[in-house]
Amino acid sequence: ELPPIDGDFYDIYHTLSPEQREIQLKVRAFMEKEVKPLVNHYWLRDEFPHELIPKFQKLNICGVTYEGYGCPGMPFLMEGVIAMEMARIDASIATFFGVQSGLAMGSIYICGSEEQKQKWLPQMQKFEKIGAFGLTEPEVGSGAAGGLTVTCKKTPEGWILNGQKKWIGNATFADIIIIWARDLDDGEVKGFIVEKDNPGYSVEKIKGKMALRIVQNGLITLKDCLVTEENRLQHANSFKDTGKVLRMTRAGVAWMATGCARGAYESALDYTRKREQFGKPIASFQMIQGHLVEMLSNLTAMQTMVFRLSEMQDEGILKDEHASLAKVFCTLRTRDIVSRAREVLGGNGILLEYDVARFVADAEAIYSYEGTKEINSLIVGRSITGFSAFI
Ligand code: FAD
């Protein structure tokens, strides 16, 4: 009788309440039963499994931490646990959910007026409206804080937006897209709820990705796109407000990396116990065990780190540098874990049907989005040294 396969070696989640534990297991069951059988098929075809959306609706977890508007109002810790459980099976699906529930709904929750929240959040909570978040541009990624080139200008008819946004997750099928643009009059960054049928809005799918292929990223073009004042986020007055949304979601990305690493570790452990060479399971070889233990030690450190990170968020003491440190550490360690998983699978490590190959590829995107290693390191560096390397 072999011991159970479990990437939670320190029983980290034992402090969750019975109700929270139930939600964790509900998400796990959903991911294993409904999502896992589909993902390799869709990943290979570079398509999104739209048939999952009504099932997501039934889970009733969207808008995890928000109070009111039909949202569950759970602690940030649960947002992290849910992201981990999703990414443990598939990082693309976790990203789809993170864009909808975190970045898009979060922009409205944090920067919207009461009327805007009442109008959009209940529909988004039920996935009746799908959201996207457009910050990055073709020529502006890491430097978004000072460098946005998409412009907005107020006219008697409404706001006119011009420019392009690149990499925007869910954009090809989103109903509403949060667009961050620089005001030509006062130079400040403002946020808009752009509806897909707004005149002057168009989107093109980004093809040929080798990571997170299920996520439908779009290149958005805004050509004299007209947006009403009613759809301008009323409390987004500068990039500082955009930053509030990113601060809230970055912790979730560290959790997502952790889930991806956990999925790869558990797949690898399972494989090494079944695969035999030289008449024995390869899990009995010392060098294979060395890899597995190295993976588990990093995974345990990551889970402990993100757990505390979310507790800090719930305590209201989370700062940008705390989330950045976890994003850097967890995405770096994830790259190491998935590559060891790929190694112990031998040739099967590069075959999609064994799942690990997908984790290896997807880890590359998580490594880069929501701030690269360099950018998040510089946020931590600024906080511990007192010197900013950005200027
Ligand atoms: P660049 O900024 O061009 O950076 C290139 C390299 O230079 C990196 O290694 C970077 O770390 C380094 N570098 C840059 N500045 C410095 C510096 N000052 N010091 C040291 N090194 C530096 N964006 C959205 O708005 N919405 C989305 O939904 C979204 N989804 C995404 C999904 C995927 C799959 C991917 C890959 C990206 C997504 N992004 C999204 C964009 C993502 O946030 C950016 O890719 C990321 O911020 C990095 O920007 P960049 O790719 O332009 O790289």
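Scope of this entry: the structure provided in the associated data block. It should be emphasised that the depicted structure is a prediction, and the values quoted were computed from it without experimental measurement.

Grouped together as the largest cluster of nonpolar side chains are 108 residues, with contacts concentrated most on Phe 56, Met 86, Ile 93, Phe 97, Ile 108, Trp 180 and Trp 255. Among the elements that line this core, the one with the most residues is helix α7 (residues 239–274), at 17 residues. Non-local contacts of Phe 56, meaning those with residues more than four positions away in its chain, are made with Phe 30, Met 86, Ile 93, Phe 96, Phe 97 and Phe 127. Grouped together as the second largest cluster of nonpolar side chains are 18 residues, Ala 171, Ile 177, Phe 192 and Val 194 included.

Another aspect to go through is the packing of aromatic side chains. Under the definition given, this model contains 17 aromatic pairs. Here Phe 56 and Phe 96 contribute two aromatic rings whose centre-to-centre distance is 5.6 Å and whose plane-to-plane angle is 55°, an arrangement assigned as tilted. In this pair, Phe 56 is assigned in helix α2 (residues 53–59) and Phe 96 in helix α4 (residues 91–111), connecting sequence segments 40 residues apart. Taken individually, Phe 56 and Phe 96 each receive the classification buried, so the pair is uniform in this respect. Members of the aromatic cluster, connected to one another through ring pairs, are Phe 30, Phe 48, Phe 56, Phe 96, Phe 97, Phe 127 and Phe 173. Cation over ring: Arg 213 sits above Trp 43, and NZ or CZ is 5.3 Å from the ring centre. Sitting over the face of the ring of Phe 359, Arg 358 holds its NZ or CZ atom 5.3 Å from the ring centroid.

Attention now moves to α7. Structural remark: α-helix, 3.6 residues per turn; residues separated by three or four positions point the same way. Helix length check: α7 (36 residues) gives 52 Å between terminal C-alpha atoms against 52 Å at 1.5 Å per residue, within 8%. If you look at α7, its biggest bend is around 30°, right at Thr 249. Burial runs high along α7: 29 of the 36 residues are buried.

Taken together, 18 residues surround the ligand, and among them Phe 133, Thr 136, Ser 142, Thr 372 and Glu 374 come closest. One nitrogen or oxygen atom from the side chain of Thr 136 is found 2.7 Å from a nitrogen atom belonging to the ligand. Bound to the protein, the ligand loses 65% of the 980 Å² it would expose on its own. Within the residue set of the shell around the ligand, elements represented by two or more residues are β1 (131–134), β3 (158–169), α10 (356–368) and α11 (373–385). Of the residues contributing to the shell around the ligand, the split by class is eight nonpolar, eight polar and two charged.

Our next topic: the pairing of strand β2 (residues 151–155). Pairing analysis gives five bridges linking β2 to β3, with the strands arranged antiparallel. The partner of Lys 154 across the bridge, within β3, is Trp 159. Adjacent in sequence and paired antiparallel, β2 and β3 are bridged by two residues.

On to the pattern of salt bridges, then. Once their charged atoms are close, side chains differing in charge can pair, the charge on each being opposite to the other. Summed over the entire model, instances satisfying the criterion amount to 27 salt bridges. Asp 46 serves as the salt-bridge partner of Lys 205, at 3.9 Å between the closest nitrogen and oxygen. Here Lys 205, found in strand β6 (residues 201–205), pairs with Asp 46, found in the loop between α1 (18–45) and α2; they are 159 residues apart in sequence, far enough to count as distant. Overall, the relative accessible area of 9% leaves Asp 46 in the buried class. Three or more residues joined by partner-sharing salt bridges are found here, namely Asp 6, Glu 32, Arg 88, Arg 262 and Glu 266.

Reading guide: rules and limits
Throughout, a residue's number is its position along its own chain's written sequence, starting from 1. Local features are withheld for residues below a pLDDT of 70 in this predicted model, meaning they are given only at 70 or higher, and side-chain atom pairs are given and counted only at 80 or more; totals for whole chains, interfaces and linings count all residues. Side-chain measures were taken over the full set of non-hydrogen atoms in the model, leaving aside hydrogen atoms and water. Put simply, buried Ala, Val, Leu, Ile, Met, Phe, Trp, Tyr and Cys residues joined by side-chain atoms within 4.5 Å make one nonpolar core. Each residue gets one of three labels from its accessible area relative to the maximum for its type: buried under 20%, exposed over 50%, partly exposed in between, using a 1.4 Å probe on protein chains only. Here a strand is any run of E in DSSP of at least two residues, a helix any run of H or I of at least four, and the numbering for each starts at the N terminus. Throughout, a residue-residue contact means that at least one pair of heavy atoms, one from each residue, lies within 4.5 Å. Note on aromatic contacts: the rings of Phe and Tyr and the six-membered ring of Trp form a pair at centre separations within 6.5 Å, being stacked when their planes are under 30 degrees apart, edge-to-face when over 60 apart, and tilted otherwise. By the criterion adopted, a ring carries a charge over it if an Arg CZ or a Lys NZ lies within 6 Å of its centre and within 35 degrees of its normal. Expected helix span is computed as 1.5 Å times (number of residues minus one). The quantity called bend is, for any residue, the angle between two axes fitted respectively to the seven residues ending at it and the seven beginning at it. Consider each residue's heavy atoms; a residue with any of them within 4 Å of a molecule or strand counts as near. In protein, a polar contact means a hydrogen-donor-capable atom and an acceptor-capable atom, both N or O and within 3.5 Å, with residues adjacent in sequence counting only if both atoms are side-chain atoms; elsewhere, any N or O pair within 3.5 Å suffices. Areas reported as accessible are Shrake-Rupley estimates using a 1.4 Å probe. Residue values count occlusion only from the protein chains shown. Classification used: nonpolar for Ala, Val, Leu, Ile, Met, Phe, Trp, Tyr, Cys and Pro, charged for Asp, Glu, Lys and Arg, polar for all others including Gly. Two strands make a pair as long as DSSP finds a minimum of two bridges between them. In what follows, salt bridge is the name for a side-chain nitrogen of Lys or Arg lying within 4 Å of a carboxyl oxygen of Asp or Glu.

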